[in-house]
Amino acid sequence: GDELDGHFSGIGVEFMIQNDTITIVNVINGGASEAVGIMSGDRIVIVDDSLFVGKIISQDKVLRKLRGQKGTQVKLGIKRNSSKDLLDFVVTRDDVPVKTVDVAYQIEKNIGYVKISRFGENTYNEFITAISKLKSQGCESFIIDLQQNTGGYLHAANLMVNEFLDRGQLIVYTEGRAYPREDSYANGTGSCKTNQMVVLIDESSASASEIFAGAIQDNDRGVIVGRRSFGKGLVQNQHKFKDGSAIRLTIARYHTPSGRCIQKAYERGGYEDYSKDLMNRYLRGEFDNQDSIKMDNLPLFHTLAGRPVYGDDGIMPDVFIPRDTIGQNSYYIRIMNSGALREFAFLYTDNNREKLKSFKKWEDAAKYLSQQPLVGLLASYAEKKEIRRRPYLIEEARRLMQTQLESLIIRNVFGDDGFYPVYQKDDVLIKKAVDLLKANKAIPKAVATQKYK
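What you see as residue numbers is a count from 1 along each chain, following the sequence as written. The predicted origin of the model limits local features to residues at a pLDDT of at least 70 and limits the giving and counting of side-chain atom pairs to 80 or more, whereas totals for whole chains, interfaces and linings rest on all residues. Computation of side-chain values: all heavy atoms of the structure, hydrogens and water removed.

Brief notes about the nonpolar core
We define a nonpolar core as any set of buried Ala, Val, Leu, Ile, Met, Phe, Trp, Tyr and Cys residues linked to one another through side-chain atoms lying within 4.5 Å. Partly exposed describes any residue whose relative accessible area lies between the buried limit of under 20% and the exposed limit of over 50%, with all areas from a 1.4 Å probe on protein chains only and scaled to the type maximum. Ranked by internal contacts, the top residues of the largest apolar core, which has 46 residues, are Ile143, Leu200, Val225, Tyr331 and Met401. Note on contacts: a residue pair is in contact if any heavy atoms of the two residues lie within 4.5 Å. Not counting chain neighbours up to four residues away, the residues in contact with Tyr331 comprise Ala379, Ala382, Ile387, Arg388, Arg390, Leu393, Ile394 and Met401. In terms of nonpolar packing, the next biggest core, distinct from the first, is built from 38 residues, Val101, Ile144, Ala156 and Val172 among them.

Notes on unusual backbone geometry
Even without being a glycine, Asn110 presents a positive backbone phi close to 70 degrees. Counting from the N terminus, the helices are DSSP H or I runs at least four residues long and the strands are E runs at least two residues long. Residue placement: Asn110 occurs in the loop between strand S9 (101-108) and strand S10 (111-116). Accessibility expressed as a relative area gives 26% for Asn110, which makes it partly exposed. The residue Gln148 is not glycine, and still its phi comes out positive at about 65 degrees. Along the polypeptide, Gln148 turns up in the loop between strand S11 (141-145) and helix H4 (154-162).

Regarding helix H3 (residues 123-136)
In this model H3 runs 20 Å from its N-terminal to its C-terminal C-alpha over 14 residues, within 8% of the 20 Å that 1.5 Å per residue would give. Residues of H3 that are buried include every one of Thr123, Glu126, Phe127, Ala130, Ile131 and Leu134, and no others. Projected down its long axis, H3 shows its buried positions confined to an angular sector of 135 degrees, all on one face. Facing away from the buried surface of H3 by more than 90 degrees, the exposed residues are Asn125, Thr129 and Ser136. Buried positions along H3 lie against S9, S10, S11 and H4. A positive phi of about 100 degrees marks Gly138, the residue just after H3. An expected span of 1.5 Å times one less than the residue number is assigned to each helix. Taken from the helix axis, the directions to the C-beta atoms give the arc we talk about.

With respect to helix H15 (residues 428-438)
Since there are 3.6 residues in each turn of an α-helix, residues three or four apart along the chain are aligned in direction. Considered for burial, the residues of H15 that qualify are Leu429, Ile430, Ala433, Val434, Leu436 and Leu437. Axial view of H15: buried residues confined to an arc of 165 degrees, hence all on one face. Contacts from the buried residues of H15 go to S9, S10, S11, strand S14 (196-201), strand S15 (223-226) and strand S20 (319-320). Definition of a polar contact: a pair of N or O atoms within 3.5 Å, with one able to donate and the other able to accept a hydrogen when the atoms are protein atoms, and with sequence-neighbouring residues admitted only if both atoms are side-chain atoms. For H15, the N-terminal capping position is held by Asp427, with its side-chain oxygen 2.9 Å away from the main-chain nitrogen of Leu429.

Points about the pattern of salt bridges
Any carboxyl oxygen of Asp or Glu within 4 Å of a side-chain nitrogen of Lys or Arg constitutes a salt bridge here. All told, the structure shown has 20 salt bridges when counted by the stated rule. The partner of Asp94 in a salt bridge is Lys70, and the shortest N-O contact between them spans 3.9 Å. Note that Asp94 is positioned in strand S8 (residues 94-97) and Lys70 in the loop between helix H2 (59-66) and strand S6 (73-79), a separation of 24 residues in sequence. Since its relative accessible area comes to 52%, Lys70 is described here as exposed. Two residues, Lys431 and Asp426, come together in a salt bridge whose shortest N-O distance is 3.8 Å. A cluster of three or more residues bridged by salt bridges with shared partners is formed by Arg43, Asp350 and Arg353.

Topic: the sheet that holds S14
Spatially, six strands are ordered S9-S10-S11-S14-S15-S20 in an open sheet, and the strand pairing comes out mixed. Looking along the sheet, the strands with just one partner apiece sit at the ends: S9 and S20. In this scheme, strands are said to pair when DSSP sees at least two bridges between them. Note that S14 and S15 share four bridges and pair parallel. Within the sheet, the bridge partner assigned to Val199 lies in S15 and is Ile224. Interaxial angle, 0 to 180 degrees, is taken between N-to-C directions of lines fitted to C-alpha atoms, where a helix line uses only the stretch in contact. Set on the sheet, helix H5 (residues 208-218) makes contact with S11, S14 and S15; between it and S14 the angle comes to about 140 degrees. Sitting on the sheet, H15 touches S9, S10, S11, S14, S15 and S20, and the angle it makes with S14 is about 165 degrees.

Shown next as structure tokens:
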């Protein structure tokens, strides 16, 4: 729950363990470490006066050492490449700012892209800031990316949908056996009521994400692109007690405006099937082929304009896009699973920091990196780690690995603002969304003016 409430206390860094040493990959903007001048690339070797390196350290142990109560201090001895001596820092632990809007940028002329990783306490405010930034840059259409967004707080999703709908349009309703129907309507104060929009979802988009996508789809407000969402539509209500503890009760089900329940069929005692559902979908080929999705036995509903939509099993997109598996061969999977690609990206950054920092803008750094033989260097690095060179497979996965390397190296120097545009340049869902918006086709064919009641 900490992550949803927008903070947890710590020193504000992302790290990895490399050669038995804690290595800082990224210093979080606005966090405690940034405040005292700790930099990416620094190695933490001493924590509170004791040596903290070698085989004894693990991800878990590091977290236990570095996280702690807000306001407490931790002393770090740091090895930095540019300095012979160890540098001493005292970091006062603080809330680590947790962003839920990962990135917002103008992806093409007049088209704004916003990626939301989950719905937390600060999501709506972050979203409004992102939208006004994009509008000031001239964006008139928006792509809202909810891929891999597993949900969070319902009220955050409601507030966000409200930005896109007209007054009186239904957003969601809840109903339960012992729980009377309760409706949420848009109040008409939204800032994006006339902007074209596309919502991206995939098989990991769940709960609040499905409410958002369902409201947009049922009101014929925008086009949903991607793959069928996860199907988790139970409402959790949090009751707080005087002593500060809380209990979460599942009291009702969410329904989208047309009446669809998102919750996938769940038999008592069938928990195994429930958790295996994603695996089964994968084995059925559903991520690669729309025809393998069986709709015949699902309840039928209609959007405002009369388009058929089906209940009881997540949100089915208006435009199905199979998973992109180009280049994902056995060599690529081995490189990714072994951690070699991430490690190499970090090493490369570390060895070329001066050069990379000489670029004023991430775009210039990206251009430079695109001309470097990163994949060849990675293959040599991996060979030292006993991953055999497979020239044909390397060639097949070259573009994918090059993109991953460029984006990670850029992230190490320029942060997320540079990482996402590079990492996503070949994303098939985003490409499709951009095409639809450019062709003015992101408005469902029959746009209705009536309202759900």
